[in-house]
Amino acid sequence: MNSNNTKEKIIHLTITEISNNSWENFSLRQVLRKLGLTTGAFYKHFESKDDLFKIISIEISQNIYQTILPTVRQQNSPQEQLLQLGKQLLVYFEKQPNLINFLFFNPSINSLYQATNPEQENFQLYNLTVTIINNLLPQKTPAQRQEFLIKIWSFIQGYGFLIKNKVVAFDPELLKQTLNQLLGE
């Protein structure tokens, strides 16, 4: 098996397994068995399972980014862009709950959120969110924009978690109202 091909096969099968079964139930041994690989072959391509999860998080982020970017760019204002971004992410919680749950909640990506991490530039979905917020709140200080990011990101994560677990149904109006409240409107 070609070395790069092996790495890609591990990545793609892992994404499929996470999509179908969630990351909490992920078994690296099962993936390797399905591919006919040894753990040694895995460690030729990845430092650890966390390393694999970081790579997959970036790939999922890029895929979601590519999917939602055209819709977000069609909006006329940063506020409308942020609202559309939130809607799209919450739809992912409905339609692809395991993938979005992995992207938002797997602990191996915590370091990607740190501004000092050079890999953060590859985390396009997060970077899009930051850019929209910077455009929405140019008069605010960086600390105030960071605080707003935390609030809106937390709301989307929490609301998405409830949607994913079918505790509530997605209501776009609630997202709009929450965004307006966070903006003081």
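Because the structure is predicted, anything quoted here is derived from the model rather than measured. All residue numbers refer to positions counted from 1 along the written sequence of the respective chain. Side-chain atom pairs in this predicted model are given and counted only at pLDDT of 80 or more, local residue features only at pLDDT of at least 70, and totals for whole chains, interfaces and linings cover all residues. Excluding hydrogens and water, the side-chain figures rest on all heavy atoms present in the structure.

### Points about the packing of helix α6 (residues 97-105) against helix α8 (residues 142-164)
Think of two packed helices as two axes; the pair is described by the angle between the axes and how far apart they sit.
Right, so step 1: Comment: axis = line fitted to C-alpha atoms, over the contacting stretch for helices; angle = value between 0 and 180 degrees taken between N-to-C directions. Working definition: helices are DSSP H or I runs of at least four residues, strands are E runs of at least two. Numbering for both runs from the N terminus. Orientation of α6 relative to α8, taken along the N-to-C sense of each, is 145°, at an axis distance of 11 Å. Our pair here, α6 against α8, has a crossing hand that is left-handed. Note on element contacts: α8 touches α6 through W153, I156, Q157, F161 and K164, opposite P97, N101, F104 and F105.
Right, so step 2: Put simply, Ala, Val, Leu, Ile, Met, Phe, Trp, Tyr, Cys and Pro go in the nonpolar bin, Asp, Glu, Lys and Arg in the charged bin, and everything else, Gly too, in the polar bin. Its residues placed into classes, the contact of α6 with α8 shows six nonpolar, two polar and one charged. It is the rotation of the near helix from the far one that decides the hand of a crossing: anticlockwise by less than a right angle makes it left-handed, clockwise makes it right-handed. We call two residues in contact when some of their heavy atoms are within 4.5 Å.

### Comments concerning the side chain of N106
Right, so step 1: Relative to the helices and strands, N106 is located in the loop between α6 and α7 (124-136).
Right, so step 2: The definition of a polar contact used here is a pair of N or O atoms within 3.5 Å, where within protein one atom must be able to donate a hydrogen and the other to accept one, and adjacent residues in sequence count solely through side-chain atom pairs. Looking at N106, its side chain comes within polar contact range of the side chain of S57, at 3.2 Å.
Right, so step 3: Engagement of the side chain of N106 in a polar contact is seen with the backbone oxygen of F102, the distance being 2.7 Å.
Right, so step 4: Setting aside anything within four residues of it in sequence, one finds N106 in contact with W23, F53, S57 and N101.

### Focus: unusual backbone geometry
Right, so step 1: For S22, which is not a glycine, the phi torsion comes out positive at approximately 80°.
Right, so step 2: In this structure, S22 sits in the loop between α1 (3-21) and α2 (28-35).
Right, so step 3: One non-glycine residue, K166, lies in positive phi territory at about 60°.
Right, so step 4: The residue K166 is located in the loop between α8 and α9 (172-182) in this model.
Right, so step 5: In this structure K166 comes out as exposed when scored by relative accessible area, which is 70%. When a residue's accessible area, from a 1.4 Å probe over protein chains only, is under 20% of the maximum for its type it is buried; when over 50% it is exposed; and in between it is partly exposed.

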